Amino acid sequence: MSLFENQIPLLKPWLDEKEAAEVRKVIFSGWVSQGPKVIEFEKEVSKYVGAKFAVATNSCTSALHLSLIISGVEAGDEVICPAFTCMATADAIIHSGGIPIFADIEPNTFNIDPDHVAELVNERTKAIMAVHQIGLPADIDALQKIARQQGLFIVEDAACTLGAKYKDRYVGGLGNPTCFSFHPRKTITTGEGGMLLTNDEEKAERARILRSHGASISDLVRHKALGCLQHEYVAAGFNYRMTDMQAAIGLVQLKKIEKIIQQRLEQAQYYNEQLTKIEDIKPPFVPKYATHAYTSYLITVESSKVDRDTLLTRLTEKGVSCRRGIQPLYKEPYFHTALGKYELPRTEYAAHNTLFLPIFPGLQKSQQDYIIKSIKDSLKM
Ligand SMILES: *Cc1c(COP(=O)(O)O)cnc(C)c1O
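Residues numbered from 1 in each chain as written. Predicted model: local features only at pLDDT ≥ 70, side-chain atom pairs only at ≥ 80, totals over all residues. Heavy atoms only, no water.

Caption draft 1: Broad picture of the layout of surface pockets. Put simply, the largest pocket is a space of about 540 Å³. The wall of the largest pocket is formed by 29 residues, among which C86, Q133, C160, R185 and K186 lie closest to the centre. Taken together, the elements giving at least two residues each to the lining of the largest pocket come down to α3 (60-71), α4 (87-95) and β12 (323-324). Ranked by residue count, the leading element in the lining of the largest pocket is α3, at three residues. Taken together, the residues of the lining of the largest pocket break down into ten nonpolar, 13 polar and six charged. (1 Å grid on protein atoms, 1.4 Å probe; cavity = no way out; pocket = protein on both sides within 12 Å on 5 of 7 lines; lining within 4 Å. Points joined across faces, edges and corners; volume = space filled by probe spheres on them. Helix = DSSP H or I, 4+ residues; strand = E, 2+ residues; numbered from the N terminus. Nonpolar A, V, L, I, M, F, W, Y, C, P; charged D, E, K, R; others polar.)

See the structure below:
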């Protein structure tokens, strides 16, 4: 029996015999932890996005944590980020000792608003965490300008934006430390996993050392040297390593990436075409400077009669899985006591009025037709 019987899922990773065969090879190779497959996966991803160095990790959250440390965030430093994002963005800042300062988003792209960032900069500000949300690049050049003027650095949270382009260059190759996620809700998946991309060799090396308990030499190098090499612990690090089994899956997934993005793009175009015909529904906006990876498809519900939550309930009843848009981080219980009071109007509008629709490789046109019809019917009632 299928896991999603009679229900169109929100997402479904595209994994098949090829991934299974590659994992099988790794299992029987005798080397299952971070090893040759991880190195190969790092090379392929860095080549794909056009960055010099890649450091694979067990999640994007840990990659973000490492990026902030290697960039020099210290206790008490303020890091400006959006609130319309995954908790992981703030987790990474907090665990590096930094304080997340939330900026509002642009009303059309749902990405961090550079003008609001500029207003928030003060003498305690150390960095900007630019989040490329839902598969759409944020306006990096505008943020870069502020960073240059104010002496700040940028870390890019590109968890769900592998494969998208900003001004004809892939996100990940834009020059700042950039982190991807390989969770099933992102472009390609390894189950769990992440990667940090950078052009700075020293920072990459420091991230590699911190990834593995602060050890000066990797297990693989030590093993190949047949026990003659002894590593030293040069820092208090973490265990943020990816396994070779995950990397083997990632290598197969990366070969499929163009097909995955093409399918998502076609599905998004079909939704766009059909949904613009429905009054009160706004499809996602794509600015001229970017391409969208459509890792998720987020619509805005602007009806005065049927609100977003009612539409969500009705769609779910009809067998269409959907999710409400991202809730502002500052409304989460953790932040009630941890931070001052926030009220970001555009973030709140997006949180109240947006809805994620199913989009994934393999989603059928007939299923999209059913989803579109269900939206029309749900808005009529
Ligand atoms: C998914 C996501 C993360 C976290 O990625 P993990 O690999 O699950 O740690 C971080 N930031 C954003 C914007 C995300 O969408």
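Once you've had a look at it, read on.
Caption draft 2: Seen up close, the packing of aromatic side chains. Using the criterion set out here, one finds twelve aromatic pairs in the structure. Considering the side-chain rings of Y166 and Y289, the 5.0 Å spacing of their centres and the 55° angle between planes classify their relative orientation as tilted. Residue Y166 is located in strand β6 (residues 165-166), and its partner Y289 is located in the loop between β10 (281-282) and β11 (297-301); the two are separated by 123 residues in the primary sequence. Exposure remark for Y289: the relative accessible area of 18% places this residue in the buried category. Aromatic pair Y294 and Y297: ring centres 6.1 Å apart, planes at 35°, arrangement tilted. For Y294, a relative accessible area of 4% translates into the label buried. Since its relative accessible area comes to 0%, Y297 is described here as buried. A connected cluster of aromatic rings, assembled from ring pairs, spans F102, Y330, Y334, F335 and Y342. The ring of Y170 has K165 sitting right over it, with the charged end atom 4.8 Å from the ring centre. The residue whose ring lies beneath K256 is W14, and the NZ or CZ to ring-centre distance is 4.4 Å. (Phe/Tyr/Trp six-rings, centres within 6.5 Å; stacked < 30°, edge-to-face > 60°. Buried < 20%, exposed > 50% of the residue type's maximum accessible area, 1.4 Å probe, protein only. Lys NZ or Arg CZ within 6 Å of the ring centre and 35° of its normal.)

Caption draft 3: Region of interest: the pattern of salt bridges. A full pass over the atoms with the stated rule returns 17 salt bridges. The salt bridge involving D16 is made with K256; its shortest N-O contact spans 3.3 Å. Taken together, the residues D16 in the segment before α1 (17-29) and K256 in the loop between α9 (244-255) and α10 (257-275) connect sequence positions 240 residues apart. Put simply, E42 and R211 hold a salt bridge, and the shortest N to O gap is 2.9 Å. Remark: R211 occurs in helix α7 (residues 201-211) and E42 occurs in helix α2 (residues 36-49); sequence separation between them is 169 residues. (Salt bridge = Lys/Arg side-chain N within 4 Å of Asp/Glu carboxyl O.)

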